[in-house]
Amino acid sequence: MADILNGYTLLKDWTFCANGDFTTCEKSGTTYFLKRLPTPKYPIRESDYEPRTYIRLVEMCMKFEKRKIVLTNDLIEAAEECPAIVNPYKFFRASATYYILSRYVQDKQIAVEEVHLLKYDVKLSLIKSFADGLVALQKKKIVHGDLKPGNVFVCQNEDGEVFLNILDFDDSYYSEHPPTCEGTVGSMEYYSPELGDYICSEDPDRGYIVTCVSDIFAAGLMIHEYLTGEKVTNKNGKYPFQAKKDSDLKLSGSVPANMRDLLKNMLKIDRSERIDAMEFQRYVEDIINGVEHTPIPSGKPRLVKNPDGTFQYISSDRHSSSKVSRKMALEIASDKGIPLEGDDAGTDATGKGPIEEGTVVLSRTDHTITIKTKGGITTIPISVYEQMKKEGRL
C-alpha cells in the first residue's frame, strides 16, 4: 500500500539531493512535486529535551515557519505575474519534518547543451521569459539564490511549444537577508561574485551584499550557454565568480553581436555596475523589437509601471524596490527629475483627462508633461522635458 502524507499519496521512493529529499505525490488526480527538508526538525516530545533547549528549538522552528509562509505567499503572487515561475503551492509540517509542495513539471525537458540548437527567435523568447521571471521576483525582493540548469527547465510540450520554467525555491530568501554563510545554498559554477564572497567570508554580517542582482549574474552565465552551447570561462582557470575584473571573463565568439553587450552588463563583477532585472527585461524587449537599447543612467532611481497601473520605485543602486500609487509616482518623478517608464495608459498626467493624439506635447500639469515620441507616450517632469529640448533630443 502506498504511503500517504498529509493527504497526499506518494508515487515514488524518496530521492536524495544535497538540500533535502524529493519525490512525486498525488491528490485528487493531480500530481505534485514534494520536497522533504533536512532541517530544522521540530521537537515533538518535550520530555526528550532540557527545558531551555526545548524552548529554543520551538522558537527557532516558529521563526522558520513564519519566514517560509511569507515567502511562499510572495512567490505565489510572483507566479501570478509571470507563469514561468513554478511556485510552491504549500508549506507544511508533518510530525517533526517540514515539506514543500510544488507543481510537477511533466513536459519534456531540453538539455542546456542542446538549447543553442533551437531557432534564434525561440531562444529570444526563452530569454524574455527568464527576464520576466526575475522581474517578478525582484518586485518581491526575492533572491532565488541557486539558478542553474537543474533549476531552470527549458521544456517542450506535446504541441512542440518551447518554454521556460524557473523552479526550486526551497532555499530562496529576501534581498540582503540570506541565511547563515554555511546555510546558504548555491552551485559554485553559477555563484555571483558577491554570493561567493559572502559564503566564503563566514561573516553573517555581510549578508547585505547578496541582493537580487546576484541572480542576474547567474542568469547571464546560463544565457551564454543558451546562445552558444559553451560556458563563460575565467581566463585564470577558476569559476566565473572568482574573476577579479570584467576582462577576466571570456565570452564565446559565437555570441550574437546584439546580445554581447547585454551579457557584459549582466556579468559585471562589481554588483553596483550590474543591471537589474527590469533593465535586463528592457534590454531583451529592445532586441526583440529591433531597436537600439538606451541604458538607464546609473545613480538615479527608476519608476516603472506595473500591469495594475501602479509603479515600481527602484532605488538608485537597483538593489531594492517598492510599489507606489500613480499619484505618489508623479510626486517622486517631479521631485527627483525622473520619467515614468511605460506610462502609456492614454490619459493625462492626472490620470483622468484624455490624451490628444497627433501632437508632441499631449498634456501638462504644474510639474509634469505628457509627450508622444517615436518610443511611445510617457509622462516626465517638466524640468526633464526642458532639458531634453535643450539637448536637442526632442
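What you are looking at is a predicted structure, and each value in this text was computed from that prediction instead of being measured.

Caption draft 1: Here's a closer look at the overall build of the protein chain. Helix and strand counts for the protein chain come out as nine helices and 21 strands. Relative to all contacts within the protein chain whose residues are 6 or more apart in sequence, the contacts with residues 24 or more apart total 52%. Surface exposure of the protein chain reaches about 20000 Å², of which carbon and sulfur atoms provide 50%.

Caption draft 2: Looking closely at the environment of S192. One can find S192 in the loop between β12 (173-174) and α4 (193-201). Along the sequence, S192 and L267 sit 75 residues apart, while their C-alpha atoms lie 8.5 Å from each other. When neighbours within four sequence positions are excluded, S192 is seen to be in contact with S214, F217, F241 and R274.

Caption draft 3: Expanded view of the pairing of strand β6 (residues 88-94). Across six bridges, β6 lies against strand β7 (residues 97-103) in antiparallel orientation. Among the inter-strand pairings, K90 is bridged to a residue of β7, identified as L101.

Caption draft 4: Up close: the pattern of salt bridges. Overall, the coordinates contain 19 salt bridges when judged by the stated rule. Where E194 meets R274, a salt bridge forms, and the shortest distance between an N and an O atom there is 2.7 Å. Here E194 is found in helix α4, whereas its partner R274 is found in the loop between α6 (257-266) and α7 (277-289), with 80 residues between them in sequence. As far as burial versus exposure is concerned, E194 and R274 are alike and both buried. Put simply, K35, D168 and D170 are held in one network by salt bridges that share partners.

Caption draft 5: Geometry of helix α5 (residues 213-228). Over its 16 residues, α5 runs 23 Å from end to end, which matches the ideal 22 Å to within 8%, given 1.5 Å per residue. By the criterion of burial, α5 is predominantly enclosed, with 16 of the 16 residues buried. Following α5 by one or two positions, G229 adopts a phi angle in the positive range, close to 80 degrees.

Caption draft 6: Quick peek at the packing of aromatic side chains. Scanning the entire structure with this criterion turns up 12 aromatic pairs. Centre to centre, the rings of Y8 and F92 are 6.4 Å apart; their planes meet at 15 degrees, and the pair counts as stacked. With Y8 in strand β2 (residues 8-10) and F92 in strand β6, the pair connects residues that are 84 residues apart, well separated along the chain. Each ring, one from F22 and one from F33, has its centre 5.5 Å from the other, and the planes form 25 degrees; the classification is stacked. With F22 in strand β4 (residues 20-27) and F33 in strand β5 (residues 30-36), this pair connects stretches of sequence that are 11 residues apart.

Caption draft 7: Main features of unusual backbone geometry. Across the junction of T39 and P40, the peptide omega takes the value -5 degrees, indicating a cis bond. In this structure, P40 sits in the loop between β5 and α1 (51-81). Look at S28: it is not a glycine, yet its phi comes out positive at around 55 degrees. One can find S28 in the loop between β4 and β5.

Caption draft 8: Representation of the confidence of the model for the protein chain within the structure. Of the residues in the protein chain, 85% reach a pLDDT of 70 or more, and the chain-wide mean stands at 86. The weakest mean pLDDT in the protein chain belongs to strand β21 (residues 376-381) at 60; the strongest belongs to α5 at 97. Per-residue pLDDT stays below 50 along residues 345-359; that stretch engages in 32 contacts with residues further than four places along the chain or on separate chains.

Caption draft 9: Local environment of the environment of V213. Of note, V213 is situated in helix α5. Sequence spacing of V213 and D276 is 63 residues, and the spatial spacing of their C-alpha atoms is 5.6 Å.

Caption draft 10: Broad picture of the sheet that holds strand β11 (residues 162-166). Taken in spatial order, the three strands make up an open sheet running β8-β10-β11, and their pairing is antiparallel. Edge strands, defined here as strands with exactly one partner in the open sheet, are β8 (108-110) and β11. Averaged over all adjacent pairs, the angle separating strand axes in this sheet is 45 degrees, with direction ignored. Pairing between strand β10 (residues 152-156) and β11: five bridges, direction antiparallel. Of the residues in β11, the one forming a bridge with C155 is F163.

Caption draft 11: Structural context of the side chain of T184. Secondary-structure assignment places T184 in the loop between β12 and α4. Under the relative-accessibility criterion, T184 is labelled buried at 7%. In terms of polar contacts, T184 uses its side chain to reach the backbone carbonyl oxygen of P179, at 3.2 Å. Contacts of T184, omitting those with residues within four sequence positions, involve Y173, P178, P179, L195, Y198 and I199.

Thresholds applied
- Residues numbered from 1 in each chain as written.
- Predicted model: local features only at pLDDT ≥ 70, side-chain atom pairs only at ≥ 80, totals over all residues.
- Heavy atoms only, no water.
- Helix = DSSP H or I, 4+ residues; strand = E, 2+ residues; numbered from the N terminus.
- Contact = heavy atoms within 4.5 Å.
- Areas by Shrake-Rupley, 256 points an atom, 1.4 Å probe, with all protein chains shown as cover.
- Pairing = 2+ DSSP bridges.
- Salt bridge = Lys/Arg side-chain N within 4 Å of Asp/Glu carboxyl O.
- Buried < 20%, exposed > 50% of the residue type's maximum accessible area, 1.4 Å probe, protein only.
- Expected span 1.5 Å × (residues − 1).
- Phe/Tyr/Trp six-rings, centres within 6.5 Å; stacked < 30°, edge-to-face > 60°.
- pLDDT = per-residue confidence, 0-100.
- Axes fitted to C-alpha atoms, helices over the stretch in contact; angles between N-to-C directions.
- Polar contact = N/O pair within 3.5 Å; in protein donor to acceptor, adjacent residues only side chain to side chain.

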